[in-house]
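# Reading the structure
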Amino acid sequence: MDLPEACERFVAWLDNEVVAAGRGDNVMTLDANPASIFWLGRLAPEVDAANAVRRERRLDPCAVGVRVRPKEEGSWSFHVRIGAVAWSKLDAEKWHKTNPVEVVVRVDFPSSDPGPFGETVIAEAFEQAGAAGLSAQVRVTDESWRGAPELVIELVNTTPESVRQRGERHLYEVELEILGLETKPFVLESLPDSFRYDRRMPAIGINCGVSQRANGHLRITDTIVVDRLRPEYTFDGTSPENLDLKFASLGTDPVPHVADLVRAYQAWGELHWSDDHLEHRYRSEGWKPEMLEQARRAASEYQEEVRRLHRGLQALEKDVQLRRAFALMNTAMARASHGRYDRWRPFQLGFVVSILPSFVDDGLDWHFVETVWFATGGGKTETYLGLLVLAAFYDRLRGKLAGITAWSRFPLRMLSLQQTQRFADALAAAELVRRDAKVPGDPIALGYFVGARSTPNDIPKEPTDFNPIDVDDDSMPARYQVLTTCPFCGSEDVYTKFHRGNWTLRHLCRNEECPSQGQPLPIYVVDKEIYRFLPTVVIGTLDKASLIAMQASMRGFVHGPAGLCTRPGHGYTYAKRGSQPTGCLVPDCQAPVETISESDRARFAPSFRLQDELHLLRDSLGAVDSHYESLLDSLQEQMTGARPKIIASSATLTGYERQVDVLYEREGRVFPVPGPSAGESFWSRETDKLLRRYVAVWPRGVTLEWVSDRTTTIVQQSVRRLLTEGHHVCQAAGIDPKFADQLLNLYGTNVVYGNTVRDVEAARRSMGTQVPVSPLNVVSLTGQAEFDEVREALSRLQRPEEKFEDRIHTVTASSMMSHGVDVDRLNIMTVLGVPLTTAEFIQATARVGRTHPGLVYVIHKIGRERDATVFSHFGPFVRQGDRFVEPIPVTRSSRRVLELTTPAAIEARRLFVHEPKSPGQRLTTVDLLRKYINMTGVGSEEEAGECAAALGISVSNHLAFKDIVKQLAAYFARLQDTGFGARFPNELFERDRRPMLSLRDVEAQVPVSDD
């Protein structure tokens, strides 16, 4: 037995413990009413349900059963096996459970006796067990009006109200099994036909799950268990024996190994995508003609992908600089891995190769938005990093020796520190390779561009109300430490220090053997330092794009700086201001500035913009971002003659072409093309190893919060038994006891995931009062958490304390955790209600079970229609999750959004287009701007046309275009009105129409649900 098998068995044992606690299987006496304790396997009396509204009936149902499609038409004869127990209050304090009742009821339907069936024999069985008065019956309903034979078979609790008290009238540990009825599957109608997926379901559970045994019998289940299997990425033709994708080999002579990959993919496709193979599947799998045509279109997409890879190979062969950059990138990735891995997964290298034509071929592919779509946990981040390092080396080799190569944006408010560490590791390795290879240019560095809630926008000379940072506060630097390990040497002895000499907040490594040799690590975390040093790669939140309309120093994100301060360590300079008379951003600097020529400035502009989690750019955020994307493109193209290449990742392919067109006004492509079947492609295939077990829970008669608290209690109590009775637990689970300590480490921390901050806060409060486990150390990871709290929590999760009682035991988390958090020790999650979008469900639950088998409880808010619907087809929802992802709702034609983004276009053009042309290159006041406008003759209609083009609004979009013209006319009227009283240009806007401080500042949003 190995560790993965031990983990699988432990997950199964742990789930059995939770389900048994939910049903009450191992309990014989109670001090409290069982109706207020057990949440699985129970049936309320029909009389109670009859007095409730539909939503309440779902909360404590009186019936369970199955909807089936008999194989034959006509009359049917079968048996229904029923099992249950009852609870009775025999004295003032104690409740006692009866022995199990089991009855087999014969059903002949239709017949002269229309039913119900078995009521007498069931009542007699309960009376013999000591629960006189309880009654139930089997009801069969013919619903063949749907066009095919269809039966609904239910067990209903018919106990009258008068015979027993509440709790005693419920049935518990209910079981139902259909014997001797041949059925055929349903087809899930909410999904279209697909040659890749199987839409069949053996039956549909009614207020429960249903499973089909090997003998064909249908049995209800209290929970719905769906296992996702762990993929493998090298096998058959892509195994290491057939493909050498080691970094070392590709760093020495990349062309032959890339050629082998391309040939292998082509050979695989010629078999699996051939028309003969598709025709064979069409006949053998019963495809419809439409499915065959769909498969042939997909085969054409595969052929185009093969051509892209061939063109990437040709680019590598022909372009010497690209080939050298590619080799250096592989050498850097080998160093960045720190021995954890030594080769690419085929899909990772395939994606990088598919982008290579964009570097050459006169930029023929440059306008495409390339979206990588691969299972969460498959290695997308490393793929990104390889591409960014390649681009950085290629920039250096083609003469771009400074400036930003790539700006990578993430849509959440708080960027994952783990992602930042991985970026830093890769770029630090690239910097060491650059030094060894004597590649010219600035050091390769990282910028962490997220804003004041996490890191400073600026470090002032003295604290102010607006910026309270105090340089004399010795504890200040530690609050903004982003890296937990040194990206050069891996040492954890990293610290931060403020350096007054060149006014920088530095990350430093104390390891005397570190290649940094005591010099600052290559990362900048203060906004102004990012402007001053223009690090090679900038990662940050999407909201920082709003600065393009407010910060003249953002010029380095679309063009180049004005000059370079001659004082060492001060960096690049920008527009002159009263507080920075030379344009140097270091306080009080008066040193001369070396002007950068206009031709050299163009080289500074970013080569790439990366967008992570593209599917989150939706609704108002997507609408606003579409205008800012156009604005950034317009400014860069106007000043440099070229736009950056866009790279993205997404959780869905549903409607991505339209989303990309709306956001970027470009064509979109996806890599890789999905394989011809859901479980296998050239790039990956499912194994028989467990990746993640999903358990759908329908709470009955108690609140979701109660079930969450009880689940946490049972999980923590069960796992902690490894401390006190590890041998017994391992024996019960069928596990070698030698794995007990590892299992305690891997499953000793559980996550409670809420869809709203309110859910998360409530869950955290419950931990202190409703979970009788001590000690129980709880941390919360939400967007409201302070930066240093998140950093400390992630550090403790990755490097837990030696003693179990000192560790973090429970994490309450919101959507902040659903992106970029990768901790091997997080393997149990409870989800409080089905997330409102399928993409969030996929992303959030993928945070557990990354390396070891995971266990996910999805506690449905069953009163909500969406949750009830998802429960009814939970199996397909999990297995075919990407097909349930909703199309992204986004438009750039929102006039409400245009009211907010037009001021950004006006201000950005003032800063980056007009100001450099003005006398003194300064348009900081209304008087200066008015003189410039009058001198140049720029009119409102002309500027309205330019702003509309910059925002991607066509003249043919009459209403939107007229709105822009109207805003510009009002703006120019105020500008020319000397009595208006505005001193600074942004005061020419109405107060609520000034440039947005955040891309989310559209309007107050009100959550809507059917609760």
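Anything mentioned here points back to the structure above.
Residues numbered from 1 in each chain as written. Predicted model: local features only at pLDDT ≥ 70, side-chain atom pairs only at ≥ 80, totals over all residues. Heavy atoms only, no water.

## Points about the overall build of the protein
Of regular secondary structure, the protein possesses 29 helices and 35 strands. Radius of gyration (C-alpha) of the protein: 32 Å, near the 30 Å computed for a compact globule of 1011 residues. Viewed in the frame of its principal axes, the protein has a C-alpha envelope of about 100 × 65 × 65 Å. Here the protein holds 1011 residues, and 59% of them are scored as buried. Look at the contacts in the protein between residues 6 or more apart in sequence, and 76% of them connect residues 24 or more apart. (Helix = DSSP H or I, 4+ residues; strand = E, 2+ residues; numbered from the N terminus. Rg over C-alpha atoms; globule rule 2.2 N^0.38 Å. Buried < 20%, exposed > 50% of the residue type's maximum accessible area, 1.4 Å probe, protein only. Contact = heavy atoms within 4.5 Å.)

## With respect to the sheet that holds strand β24 (residues 563–565)
In spatial order, the strands read β25-β24-β26; together these 3 strands make up an open sheet with antiparallel pairing. Each edge of the sheet is formed by a strand with only one pairing partner; in this case those strands are β25 (572–573) and β26 (593–595). Here 3 bridges tie β24 to β26, and the two strands are oriented antiparallel to one another. Counted as the bridge partner of cysteine 565 is valine 593 from β26. (Pairing = 2+ DSSP bridges.)

## With respect to the side chain of histidine 257
Mapped onto the secondary structure, histidine 257 falls in helix α6 (residues 254–272). A polar side-chain atom of histidine 257 sits 3.4 Å from the main-chain carbonyl oxygen of aspartate 244. Sequence-distant contacts of histidine 257, that is, excluding residues within four places in its chain, are made with Asp244, Leu245, Ser249 and Leu250. (Polar contact = N/O pair within 3.5 Å; in protein donor to acceptor, adjacent residues only side chain to side chain.)

## Describing a negative patch on the surface
A cluster of acidic residues, Glu786, Asp788, Glu789 and Glu792, forms a negative patch on the protein surface. Take glutamate 792: it is sitting in helix α21 (residues 787–798). (Patch = residues over 30% accessible without salt bridge, like charges linked within 9 Å, V, L, I, M, F, W, Y side chains within 5 Å. Areas by Shrake-Rupley, 256 points an atom, 1.4 Å probe, with all protein chains shown as cover. Salt bridge = Lys/Arg side-chain N within 4 Å of Asp/Glu carboxyl O. Lys, Arg positive; Asp, Glu negative; His and termini not counted. Charge placed at Lys NZ, Arg CZ, Asp CG, Glu CD.)

## Comments concerning the environment of arginine 532
Mapped onto the elements, arginine 532 comes out in helix α14 (residues 527–533). When its relative accessible area of 2% is taken as the criterion, arginine 532 is described as buried. Separated by 33 residues in sequence, arginine 532 and cysteine 565 place their C-alpha atoms 9.4 Å apart. Contact partners of arginine 532, with chain neighbours within four places excluded, come to Asn502, Trp503, Thr504, Gly569, His570, Gly571, Tyr572, Leu585 and Val586. In this structure the side chain of arginine 532 is engaged in a polar contact, spanning 2.6 Å, whose partner is the backbone oxygen of asparagine 502.

## Looking at helix α1 (residues 3–23)
Between its terminal C-alpha atoms α1 stretches 30 Å, which fits the 30 Å expected from 21 residues at 1.5 Å a residue. Where α1 starts, the residue carrying a side-chain oxygen 3.1 Å from the main-chain nitrogen of glutamate 5 turns out to be aspartate 2. A positive phi of about 90 degrees marks glycine 24, the residue just after α1. (Expected span 1.5 Å × (residues − 1).)

## Some remarks on the packing of helix α9 (residues 320–336) against helix α12 (residues 417–437)
One way to put it is that α9 packs onto α12 with a least axis distance of 8 Å and a crossing angle of 125 degrees. Judged by the angle between their axes, α9 and α12 are oblique. The chirality of how α9 crosses α12 is right-handed. Across from Arg324, Leu328, Thr331, Ala332, Arg335 and Ala336 in α9, the residues of α12 making contact are Asp425, Ala426, Ala429, Ala430, Leu432, Val433, Asp436 and Ala437. (Axes fitted to C-alpha atoms, helices over the stretch in contact; angles between N-to-C directions. Parallel < 35°, antiparallel > 145°, perpendicular 65-115°, else oblique. Left-handed = near helix turned anticlockwise from the far one by under 90°.)

## What to know about the packing of α1 against helix α19 (residues 740–747)
One can describe the packing of α1 onto α19 by two numbers: an axis separation of 11 Å at closest approach and a directional angle of 65 degrees. Both α1 and α19 take part in a crossing whose hand is right-handed. Of α19, the residues touching α1 (which contributes Leu3, Ala6, Cys7, Phe10 and Val11) are Gln742, Leu743, Leu746 and Tyr747. Partitioning the contact of α1 with α19 into residue classes produces 8 nonpolar, 1 polar and no charged. (Nonpolar A, V, L, I, M, F, W, Y, C, P; charged D, E, K, R; others polar.)

## Regarding the environment of phenylalanine 884
With respect to the element layout, phenylalanine 884 can be found in helix α25 (residues 881–884). In the structure, phenylalanine 884 is positioned 602 residues away from tyrosine 282 in sequence and 24 Å away in space, judged by C-alpha atoms. Those residues within four positions of phenylalanine 884 in sequence are excluded, and the remaining contacts are Leu188, Ser190, Leu191, Thr838, His873, Pro876 and Phe877.

## Considering the packing of aromatic side chains
Considering all chains together, one arrives at 38 aromatic pairs under this definition. Between phenylalanine 38 and tryptophan 87, the aromatic rings sit 5.9 Å apart at their centres with planes inclined by 35 degrees, giving tilted as the arrangement. Of this pair, phenylalanine 38 sits in the loop between β1 (29–30) and α2 (46–50) while tryptophan 87 is found in strand β4 (residues 87–89), placing the two residues 49 residues apart along the sequence. Among the residues examined, phenylalanine 38 registers a relative accessible area of 2% and is labelled buried. A residue is classified by how much of its surface remains accessible, and tryptophan 87, at 0% relative accessible area, is buried. Ring geometry for tyrosine 265 and tryptophan 683: centres 4.7 Å apart, planes at 50 degrees, overall tilted. Residue tyrosine 265 is located in helix α6, and its partner tryptophan 683 is located in the loop between β29 (668–671) and β30 (685–697); the two are separated by 418 residues in the primary sequence. Tryptophan 683 matches tyrosine 265 in its accessibility class, with the two residues each being buried. (Phe/Tyr/Trp six-rings, centres within 6.5 Å; stacked < 30°, edge-to-face > 60°.)

## Some words on the environment of alanine 125
Within the secondary structure, alanine 125 sits in helix α4 (residues 119–128). Judged by relative accessible area, alanine 125 falls into the buried class, the value being 16%. Once the C-alpha coordinates of alanine 125 and valine 18 are considered, the two residues, 107 residues apart in sequence, prove to be 29 Å apart.

## Remarks on the pattern of salt bridges
A full pass over the atoms with the stated rule returns 75 salt bridges. Put simply, glutamate 175 and arginine 81 hold a salt bridge, and the shortest N to O gap is 3.4 Å. Here glutamate 175 is found in strand β9 (residues 172–179), whereas its partner arginine 81 is found in strand β3 (residues 76–85), with 94 residues between them in sequence. Exposure remark for glutamate 175: the relative accessible area of 23% places this residue in the partly exposed category. We note a salt bridge from aspartate 759 to lysine 861, for which the minimum N-O separation is 3.4 Å. Highlighted residues: aspartate 759 in helix α20 (residues 757–769) and lysine 861 in the loop between β35 (854–859) and α23 (865–872), separated in sequence by 102 residues. A single salt-bridge network, built from bridges that share partners, covers Arg23, Asp25, Arg81, Glu102, Glu175, Glu177, Arg213, Arg219 and Asp222.

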